[in-house]
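Residue-level structural notes
This is what each chain is made of:
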Amino acid sequence: MRRVLRFTFGVLGLWGALGALPAAQGQGTTTASQVAADSLPAGLQLLMEQAKTQQEQYHDSEALAKYEQVLAKAPAAYNALWQAAILSVRIGARYTDETRKSAYFSAARLYANRALVVRADGAEGHYAEALALANQATLLGARGRLLAYREMKSHVFKAVARRPDWAEAWQMLGRWHYRVDHYNLLERVFSRLLLGGMPSGAGTRKAIDALVRAHELSPKRIEFCYDLARVHLNQGQRSRAIAVLQEAMELTPVTAEELEISRRCRRLLEQLNRQLHRQLQRHIRHKA
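Quick summary incoming for the structure in this document. This structure is a prediction, so every number in the text was calculated from the model and none was measured.

**A word on the overall build of the protein**
A count of helical and extended segments in the protein gives 14 helices and zero strands. In sequence order, the protein lays out its α and β elements as α-α-α-α-α-α-α-α-α-α-α-α-α-α. Counting across all 288 residues of the protein, residues that qualify as buried make up 52%. Counting every atom, the protein has about 13,500 Å² of accessible surface; 54% of that belongs to carbon and sulfur.

**A look at the nonpolar core**
With 57 residues, the main nonpolar core has Tyr127 and Met172 as its most contacted residues. When contributions to this core are tallied by element, the ones reaching two or more residues are helix 3 (42-56), helix 4 (60-73), helix 5 (78-93), helix 6 (98-118), helix 7 (123-137), helix 8 (142-162), helix 9 (167-181) and helix 11 (204-217). Among the elements that take part in this core, helix 5 stands out by supplying 11 residues, more than any other. The next biggest cluster of nonpolar side chains, apart from the first, holds 21 residues, and it includes Leu211, Ala241, Val244 and Leu269.

**A short note on the packing of helix 8 against helix 9**
Running from amino to carboxyl end, helix 8 crosses helix 9 at an angle of 145°, the nearest separation of the two axes being 9 Å. The interaxial crossing formed by helix 8 with helix 9 has left-handed handedness. Two secondary-structure elements touch here, helix 8 through Arg145, Tyr149, Met152, Lys153, Val156, Phe157, Ala159 and Val160 and helix 9 through Ala169, Trp170, Met172, Leu173, Trp176, His177, Arg179 and Val180. A per-class count over the contact of helix 8 with helix 9 returns 12 nonpolar, one polar and three charged.

**Considering the packing of aromatic side chains**
The full count for this structure, using the stated rule, is five aromatic pairs. Judged by centre distance (5.8 Å) and plane angle (75°), the rings of tryptophan 82 and tryptophan 166 are edge-to-face. Of this pair, tryptophan 82 sits in helix 5 while tryptophan 166 sits in the loop between helix 8 and helix 9, and the two are 84 residues apart along the sequence. The class of tryptophan 166 is buried, set by a relative accessible area of 2%. Aromatic side chains tyrosine 149 and tyrosine 183 sit 6.2 Å apart centroid to centroid with 40° between the ring planes, which places their arrangement in the tilted category. Of this pair, tyrosine 149 sits in helix 8 while tyrosine 183 sits in the loop between helix 9 and helix 10 (185-194), and the two are 34 residues apart along the sequence. Accessibility classification places tyrosine 149 together with tyrosine 183 in one group, the buried group. The ring of tyrosine 78 has arginine 119 sitting right over it, with the charged end atom 4.1 Å from the ring centre.

**Points about unusual backbone geometry**
A positive phi angle, near 65°, is found at tyrosine 58, a position not held by glycine. For tyrosine 58, a relative accessible area of 31% corresponds to the partly exposed category.

**A look at the pattern of salt bridges**
Considering all chains together, one arrives at 16 salt bridges under this definition. A salt bridge links glutamate 151 to arginine 109; the nearest nitrogen and oxygen atoms lie 3.4 Å apart. Of this pair, glutamate 151 sits in helix 8 while arginine 109 sits in helix 6, and the two are 42 residues apart along the sequence. A single salt-bridge network, built from bridges that share partners, covers Asp60, Arg90, Arg94 and Glu257.

**Structural notes on helix 7**
Compared with an ideal rise of 1.5 Å per residue, which puts 15 residues at 21 Å, helix 7 spans 21 Å between its outermost C-alpha atoms and is within 8% of the ideal. Burial analysis of helix 7 places 15 of its 15 residues in the buried class, the great majority of the element.

Conventions used here
Residues numbered from 1 in each chain as written. Predicted model: local features only at pLDDT ≥ 70, side-chain atom pairs only at ≥ 80, totals over all residues. Heavy atoms only, no water. Helix = DSSP H or I, 4+ residues; strand = E, 2+ residues; numbered from the N terminus. Buried < 20%, exposed > 50% of the residue type's maximum accessible area, 1.4 Å probe, protein only. Areas by Shrake-Rupley, 256 points an atom, 1.4 Å probe, with all protein chains shown as cover. Core = buried A, V, L, I, M, F, W, Y, C linked by side-chain atoms within 4.5 Å. Axes fitted to C-alpha atoms, helices over the stretch in contact; angles between N-to-C directions. Left-handed = near helix turned anticlockwise from the far one by under 90°. Contact = heavy atoms within 4.5 Å. Nonpolar A, V, L, I, M, F, W, Y, C, P; charged D, E, K, R; others polar. Phe/Tyr/Trp six-rings, centres within 6.5 Å; stacked < 30°, edge-to-face > 60°. Lys NZ or Arg CZ within 6 Å of the ring centre and 35° of its normal. Salt bridge = Lys/Arg side-chain N within 4 Å of Asp/Glu carboxyl O. Expected span 1.5 Å × (residues − 1).

Shown next, in the form of C-alpha cells:
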C-alpha cells in the first residue's frame, strides 16, 4: 500500500469481461533488440536486466521495484518508464479495492506520460498510455469513460503504426474498435451531445482483423484466443469461435490470470458444444 500511496496517482458484456483481466496483456515481451537501449551506467543496466528477468518470471512487484530504483537515478530512462507503466496496470488490476486499483492505474498514466515526453514517437509509450486509459475507464462514470476511449484512439493507432510486429498493440486496437463500434444508445447520444461526436473510424470488421493479427503474431497467448473467440461468437461466427477455443485448450496456462482465462475458454467451448449437440438432436428428430 505504501508504494500505491507514493505514486498518487458492452456488447454482451464483452468489454467488461475482457477488462476484468487486463493484467493478462502487455507483459513487457518487447526484446532489447526491438527497442533501443537507454544509455545508462553499468549499475543501472544491471538493475534493468534484473527487472526484465523478474518480469519474465512473473514477479511483477519485484520487477517494478527494480524499475523504480532505475528511475530514481535516471528519471528519463524510457524503457524503465514504459515497463513500469505496464507493470503498474498489471499489479493494480489484481486488486478488488478500487482505491488501490485507481492509485496503480494513475501511476501507470504518470509513467506513460513521462515516457512520451522522453520519446514522443515511441510505440511502447503510446501503448502504455492506451493500456492505462483502458483500465482507468473501468473505474470512471459515463463521461470519464467515454473521454478515455476518445483519448485512447491516437495512442493505440500510433502504437500499431510504429510497432506492427507487437501483438499486444494489435490486441488493444481490436478491443478499442469493438468497444467504440458497440457503444450503446445512451453512449452514442452522450457522445454526440456533450463530447462533439463519437471517435471516428471504429468498426467490428477492423476489430476482428486486429485481433486475428494479434493471434497470428503470438498464437500461444491464451488471452488473444479468448478475445477473438468472444468477438467471433458475438458476430454469429460460431464455427470460428469454436476453432479458436479449441486452440486455447491446447495451451498451458502459466499465471493465475491465464488460468482464469483458460477456465473461461473451457466453459464457453462446453456451452457451444452443448448447443451444437442439441441442434443436431433436433435435426435428427426432424429427419425422422
